[in-house]
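Topology and contacts: notes
Now for the letters of each chain:
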Amino acid sequence: MNKSISSATLLLLSTLAMPSLADVEQGVYLGLDMNTSLSGTATAEYERSNVEDEADIDTTGAGIFIGYRSSRNNRVQLSFTSFDVEYEGGTTEEVTGMDFDWQFVYGDKTVQPYWGLGFGLYTYEDTSDLFVSDEDLRGVSFQLAAGAKFDIHEHFELDASYHIKSIAWQDIVVTNGFASETLSLSHTFSYLNLGAAIKF
């Protein structure tokens, strides 16, 4: 049993580490995408009292992106994205940001599987009224992705992928004049993403 698990793990790692054998024309691409969540959680941690609260969330999002395609068909991509975050009670709030991603694409056929990872810089919109600094809450994200690109035409491709994203927000210090409490917020969610791009 242990031998088969180790072999499978080794095969997976070897596949991910193996460079793409594709030989494609280098170039820039532009596109847009839309997504909807499969699951999500908003977490609030109170440092002093050691209390953690969680709430289920749903997200929908859309964005535009620009990227560069190497001769091996791997990608470096910059995205500008907006997510609507809906909480259990029906309240909806907006987070916006930009993501920097690396995508490792395998092959140059019609269907091209890939995996990717990246990080982002996000803003929790319309939260400035809550703080003395009068600035919206800022956050840093980390994301993983796996999917496939569909080479429809020499200058056009579609993309279908599964993503996991976690956004950690700035700590919030809450005080009543006598004592203070540090609050840490985060959003973690998985979603399906559909995209289309024009290749130059």
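So, here is what we can say about the structure in this document.

Conventions adopted
Residues numbered from 1 in each chain as written. Predicted model: local features only at pLDDT ≥ 70, side-chain atom pairs only at ≥ 80, totals over all residues. Heavy atoms only, no water. Core = buried A, V, L, I, M, F, W, Y, C linked by side-chain atoms within 4.5 Å. Buried < 20%, exposed > 50% of the residue type's maximum accessible area, 1.4 Å probe, protein only. Contact = heavy atoms within 4.5 Å. Helix = DSSP H or I, 4+ residues; strand = E, 2+ residues; numbered from the N terminus. Patch = residues over 30% accessible without salt bridge, like charges linked within 9 Å, V, L, I, M, F, W, Y side chains within 5 Å. Areas by Shrake-Rupley, 256 points an atom, 1.4 Å probe, with all protein chains shown as cover. Salt bridge = Lys/Arg side-chain N within 4 Å of Asp/Glu carboxyl O. Lys, Arg positive; Asp, Glu negative; His and termini not counted. Charge placed at Lys NZ, Arg CZ, Asp CG, Glu CD. Polar contact = N/O pair within 3.5 Å; in protein donor to acceptor, adjacent residues only side chain to side chain. Phe/Tyr/Trp six-rings, centres within 6.5 Å; stacked < 30°, edge-to-face > 60°. Lys NZ or Arg CZ within 6 Å of the ring centre and 35° of its normal.

What follows deals with the nonpolar core. In this structure, V95 and W169 are the most contacted members of the largest nonpolar core, which totals 16 residues. Excluding anything up to four places from it in sequence, W169 contacts V95, Y122, T123, Y124, L137, R138, G139, L185, S186 and H187.

All right, on to the environment of A42 then. If you trace the backbone, A42 turns up in strand 1 (residues 27–46). With relative accessibility at 11%, the residue A42 sits in the buried group. Measuring from C-alpha to C-alpha, the distance between A42 and A55 comes to 5.2 Å, with 13 residues separating the pair along the chain. Each residue touching A42, except ones within four places of it in the same chain, is listed here: D53, E54, A55, I57, Y87, S186 and H187.

What follows is about unusual backbone geometry. In this structure, N73 is a non-glycine residue whose phi angle is positive, near 75°. In this fold, N73 is placed in the loop between strand 2 (51–69) and strand 3 (75–87).

With that settled, the discussion passes to a negative patch on the surface. Together, E45, E52, D53, E54, D56, D58, E86 and E88 give the surface a local cluster of negative charge. No other element matches the five residues that strand 2 contributes to the negative patch. You can see E54 is positioned in strand 2. Overall, E54 belongs to the exposed group, its relative accessible area being 55%.

On to the environment of L185. Within the secondary structure, L185 sits in strand 9 (residues 180–199). Since its relative accessible area comes to 23%, L185 is described here as partly exposed. For the pair L185 and Y46, spaced 139 residues apart in sequence, the C-alpha separation works out to 9.2 Å. Setting aside residues up to four positions removed in sequence, L185 forms contacts with T43, A44, L137, I167, A168, W169 and I172.

Inspection of the secondary structure puts Q143 in strand 6 (residues 137–153). Exposure remark for Q143: the relative accessible area of 3% places this residue in the buried category. At a separation of 3.2 Å, a polar atom in the side chain of Q143 contacts the side chain of D101.

Attention shifts here to the packing of aromatic side chains. Applying the stated rule across the entire model yields nine aromatic pairs. Put simply, the rings of F83, Y122, F189 and Y191 pair up and form one aromatic cluster. The ring of Y29 has R75 sitting right over it, with the charged end atom 5.2 Å from the ring centre. The ring of Y114 is capped by K149, whose NZ or CZ atom sits 4.4 Å from the centre of that ring.

A complete count under the given rule lists four salt bridges for this structure. Among the salt bridges present, the one from D159 reaches K149, with a minimum N-O distance of 2.7 Å. Here D159 is found in strand 7 (residues 156–169), whereas its partner K149 is found in strand 6, with 10 residues between them in sequence. Comparing D159 with K149 shows no difference in burial state: the two are buried.

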